[in-house]
Amino acid sequence: MFDKDRMEEIERRRREWEEGTLKRSRERFGMKESPTEFYSPAEVKDFDFLEKVGFPGEYPFTAAEYPSNLPALRIRGGVSALLVRAGRYSGYGAPEDTRDYYNYMREAFGRRGGPNIAFDLPTQCGYDSDDPVARGEVGKVGVAVDTLRDFEVIYEAFVGESDLDKIASNWTINAPCNVILAMYITLAEKRGIPLDGLRGTPQNDILKEFVARGTYIFPPRPSMRMIRDTITYCTEHMPSMNTISICGYHMREAGAGPVQMVAFTLANAMAYVQLGMEAGLDVDTFLRRFTFLAWSTGMEFFKEIARARAARRVWAKIMRERFGAEDPRSWMLRGAGGMGVPTHTLTAQRPLNNLTRNIIVGIGNALSGAPPMVPVPYDEPLGLGHSLEAEQLNMDGGRLLQFEARLADVIDPLAGSYYVESLTDQAEEEIWEIIGRIDAIGGAVAAIESGYMQREIARSAYEYQKQVESGERVIVGVNRFTGENELEVLTTRLVEHPYDPVKRAEAEEKQIKNLAQVKRGRDNGQVQATLKRLKEEAKDEKVNLIPSILEAIKAYATIGEICGVLREVFGEYQAYNVAA
C-alpha cells in the first residue's frame, strides 16, 4: 500500500505522536494507558486489496458472498421477495395447533412462504409422544411429530398457491433428519409432486449436537453415515433440496468464543465435504446444496465484523486449495451472512434493550457484507414464540436501516480500513491455528470423540461467565446500571400471542390419542416387515437407508420405532463429560 520510505515515515511519526500528543493527554487525565487505540497503515503493511478482499461475490469472498444486495428487499426477517424462502422459525403443540398457527398468520397478517418448523424435544431425540421418556415435553418447545399423519396435518396449511413445489420448507432436525425428510418425500408423492421440484433445508448438522446442542441419538460415526445418505440421495433425486445447514450459532450459545465458533464450524463442514467426496460425488455438484446457518454474534462490533469477513475468506481457501473445488459457488460460505444473530447476548432483564442490541447487529450485518437484517425480536429470551408487537418492531428496524439509513446501498464499506483489515487478518490467523489443532487430532469427528471441542467450549464458557460475574464484561441492565432509579420499560400488548397456552398445555394428551389412533388403523404386520428390513440394511455400512426409511414411513411407522431399530444397530451416544 505504501513504499518502504513512506512506511518508515509513518512509523516514526506514530512514535512522536505517542510520546507527545497522546502522552500529554494521558497525563492530563491521570491515565497510565490510553483507553482507545488508533490504527495506521503500519498495522497492515502487506495489505493487497485483490488478495485480501477482492470484489463482492468473488474469491476470496472477504467483501461479501454475493456481488450485490437484491433490489426491492422486503425486510421480514431479512427475506427477499424475489426468493423462495421458508418463514420464521415456528411450531408448537400438536400438529393441528401448528397448522392452525400457519393458517392464522397467513390470513391475519399476510405471511407467505413455507414453514420453518421447530420440533419438540421428543421428536428431535427420536422418541414417540407416548414414550415415558417424553412425558412433560410433548409439544412444548416445538410441534410433536410421530408419524406421516402428523406431517400431513401440518402441511394442510400449504396447498394450492402454497403447495410443496411452490414453497421452501426448513426443519430444525438433526439425528432423525432422514425420517423427517422421508415424510416430506412421501407427502410430495401423495400429492403428485415430483421430487426434483422440492426445495428446503434440514439442519442435519449432527457434529455440533455432540459439542453444543445435545439432541443426538447415535454415536458420531453412524450419525455421519446418515448424513452421507442425505447427501447422496438428495444429489441424485432432489437437486434443489439443501442437504445440510452447518451451524456455528449453537456452539457460540454453548460458550464458544467468536473465532473458536468459526474454526469449529468450518472443521465440521470439512468433515461433511469429505463425506460427499468419499461417497464418489463431485464436490462442485453436491456442495452447492450445503448452507451455513447465521453465526451467533456478540456485541464487540468491529471484532465481530472482522470475524465474519475472515470466515468467508478462510472457507474460500479451504474449498479451492484443500478440496480442489473449481466452481466459484463452491468457495462461497453460502447463507452465513454478516455478523449474525445476537441471541446469546439478549437478556430477560430489561428486554426492550434487546431491540437496541439487534439494531446494532443489523448495522453490523450491513457493514460486514450482508443486508441490514435485524435478526430476532426483542422478546426472544422470554419464551418460545415471539409476540407480534416484537416482530413488528423487528421488521421496522430492518426497514429503517434499509430505507432511511440506506445501509443496503453499499457492500463492505469498511474494506481497506486499517483497523478492520488488521482485525480480519488476526481473526483469520487464529481460525487457521485452531483448524490446525483439529487436523492434528484427525479431523472434526476425532476431535469430538476425544472431547477436544467440548473441553474448549466449556473452558471458554467458564471464562466468559467469570468476566460477567466480576463485572469485567458489562451487560447493561444485568450486572451494571441496575439501581433503583432505573426504569423497567415495557410495551403494550395489542394482539394475543399467536401461540395458545391452553393448546400447548393440552398437546401431550391430544398427541398421544392421535398416535394411538394411527397405530390402530395401520397394518402393523407391514410396519414390522419394513422395520425388519431397515434393521438388516443398517448393518451394512455401504447401504443408503433412506429407501428403507421411506418404506417404513409409508406404512406409518413412528419416528420412535424407526430410531429404536437404528439404536439397536448403532447404539446410543454417551455424552462426553467435560468435568471428568
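Reading guide: rules and limits
- Residues numbered from 1 in each chain as written.
- Predicted model: local features only at pLDDT ≥ 70, side-chain atom pairs only at ≥ 80, totals over all residues.
- Heavy atoms only, no water.
- Helix = DSSP H or I, 4+ residues; strand = E, 2+ residues; numbered from the N terminus.
- Rg over C-alpha atoms; globule rule 2.2 N^0.38 Å.
- Buried < 20%, exposed > 50% of the residue type's maximum accessible area, 1.4 Å probe, protein only.
- Contact = heavy atoms within 4.5 Å.
- Domains from an automatic or database assignment.
- Buried area = accessible area lost by both parts, 1.4 Å probe.
- Salt bridge = Lys/Arg side-chain N within 4 Å of Asp/Glu carboxyl O.
- Nonpolar A, V, L, I, M, F, W, Y, C, P; charged D, E, K, R; others polar.
- Axes fitted to C-alpha atoms, helices over the stretch in contact; angles between N-to-C directions.
- Parallel < 35°, antiparallel > 145°, perpendicular 65-115°, else oblique.
- Core = buried A, V, L, I, M, F, W, Y, C linked by side-chain atoms within 4.5 Å.
- pLDDT = per-residue confidence, 0-100.
- Expected span 1.5 Å × (residues − 1).
- Phe/Tyr/Trp six-rings, centres within 6.5 Å; stacked < 30°, edge-to-face > 60°.
- Left-handed = near helix turned anticlockwise from the far one by under 90°.
- Patch = residues over 30% accessible without salt bridge, like charges linked within 9 Å, V, L, I, M, F, W, Y side chains within 5 Å.
- Areas by Shrake-Rupley, 256 points an atom, 1.4 Å probe, with all protein chains shown as cover.

Caption draft 1: Region of interest: the overall build of the protein. Looking only at helices and strands, the protein features 21 helices and six strands. Over its C-alpha atoms the protein spans a radius of gyration of 25 Å, differing by no more than 12% from the 25 Å that the globule rule assigns to 580 residues. Considering only C-alpha atoms, the protein reaches an extent of 90 × 55 × 50 Å along its principal axes. Looking at the protein as a whole, 54% of its 580 residues are labelled buried. Within the protein, counting contacts between residues at least 6 apart in sequence, those at least 24 apart form 77% of the total.

Caption draft 2: Structural detail: the domain arrangement of the protein. By domain assignment, the protein separates into domain 1 (4-38), domain 2 (56-68 + 207-214 + 242-271 + 295-471) and domain 3 (85-202 + 499-580). Inter-centroid distance (C-alpha atoms) of domain 2 to domain 3 is 29 Å. In this complex, domain 2 contributes 23 residues to the contact, which on the side of domain 3 involves 22 residues. Buried surface at the junction of domain 2 and domain 3, summed over both partners, amounts to about 1600 Å²; 55% is from carbon and sulfur atoms. One can count one salt bridge joining domain 2 with domain 3. The residue E391 makes a salt bridge to R111 at a minimum N-O spacing of 2.8 Å. Of all the elements in the fold, those that place two or more residues in the side of domain 2 that touches domain 3 are α7 (206-213), β5 (244-247), α14 (388-404) and α17 (452-470). Class assignment of the residues belonging to the side of domain 2 that touches domain 3 gives a composition of nine nonpolar, nine polar and five charged.

Caption draft 3: Quick peek at the packing of helix α3 (residues 95-109) against helix α18 (residues 501-521). One can describe the packing of α3 onto α18 by two numbers: an axis separation of 8 Å at closest approach and a directional angle of 125°. Taken as axis vectors, α3 and α18 run oblique relative to one another. Two secondary-structure elements touch here, α3 through P95, E96, D97 and D100 and α18 through K503, A507, K510, Q511 and N514. When its residues are assigned to classes, the contact of α3 with α18 shows two nonpolar, two polar and five charged.

Caption draft 4: Up close: the nonpolar core. With 119 residues, the main nonpolar core has Y155 and W171 as its most contacted residues. It is helix α10 (residues 258-278) that provides the largest number of residues to this core, a total of 13 residues. The two domains that each donate at least three residues to this core are domain 2 (56-68 + 207-214 + 242-271 + 295-471) and domain 3 (85-202 + 499-580). Not counting residues within four places of it along the chain, the set of residues in contact with Y155 comprises P115, I117, L164, I167, S169, W171, Y184, L187 and R191.

Caption draft 5: The arrangement of unusual backbone geometry in detail. With an omega of 5°, the peptide bond running from Y59 to P60 counts as cis. Inspection of the secondary structure puts P60 in the loop between α2 (49-52) and β1 (86-90). Its identity as a non-glycine residue notwithstanding, F61 has a phi of 65°, on the positive side. By the element assignment, F61 lies in the loop between α2 and β1.

Caption draft 6: A look at the confidence of the model for the protein. Residue-level pLDDT values for the protein average 93, and 96% of them are 70 or greater. Counting contacts from residues 72-82, a segment whose pLDDT is below 50, to residues more than four positions away or on other chains yields 21 contacts.

Caption draft 7: Structural detail: α3. Along its 15 residues, α3 runs 21 Å from first to last C-alpha, staying within 8% of the 21 Å computed at 1.5 Å per residue. Count one or two residues on from α3 and you reach G110, which has phi positive near 70°.

Caption draft 8: Focus on α7. With respect to burial, α7 is a largely interior element, six of its eight residues being buried. Positive backbone phi, at 95°, marks G214, one or two positions downstream of α7.

Caption draft 9: Up close: the packing of aromatic side chains. Within the structure shown, the criterion is met by 22 aromatic pairs. Aromatic side chains F302 and Y419 sit 5.6 Å apart centroid to centroid with 65° between the ring planes, which places their arrangement in the edge-to-face category. One end of the pair, F302, is in helix α12 (residues 301-322); the other, Y419, is in helix α15 (residues 418-441), and 117 residues separate them in sequence. According to the relative accessible area criterion, F302 is partly exposed, its value standing at 34%. A relative accessible area of 27% places Y419 in the partly exposed class.

Caption draft 10: Representation of the pattern of salt bridges within the structure. Taken as a whole and assessed by the stated rule, the structure comprises 51 salt bridges. The partner of R313 in a salt bridge is E428, with the nearest N and O atoms 2.8 Å apart. Here the residue R313 occupies a position in helix α12, and E428 occupies one in helix α15, the gap between them amounting to 115 residues. An identical accessibility class is assigned to R313 and E428; each is buried. Notably, a salt bridge pairs R533 with E537, separated by 3.1 Å at the nearest N-O pair. Taken together, the positions of R533 and E537, both in helix α19 (residues 524-538) and four residues apart, correspond to about one turn of that helix. Three or more residues are tied together by salt bridges with common partners; here these are K52, R313, K317, D425 and E428.

Caption draft 11: Seen up close, the packing of α10 against α15. Where α10 meets α15, the axes come as close as 9 Å, and the angle between the chain directions of the two elements is 50°. Our classification of the angle between α10 and α15 gives oblique. Remark: the crossing between α10 and α15 carries right-handed chirality. Every residue of α15 that contacts α10 at V259, Q260, V262, A263, F264, L266, A267 and M270 is listed here: A427, E430, I431, I434, I435 and I438.

Caption draft 12: Highlighting a nonpolar patch on the surface. A cluster of nonpolar side chains, namely Y104, F109, L494 and V495, defines an oily patch on the protein surface of about 360 Å² accessible area. By secondary structure assignment, the location of V495 is in the loop between α17 and α18.

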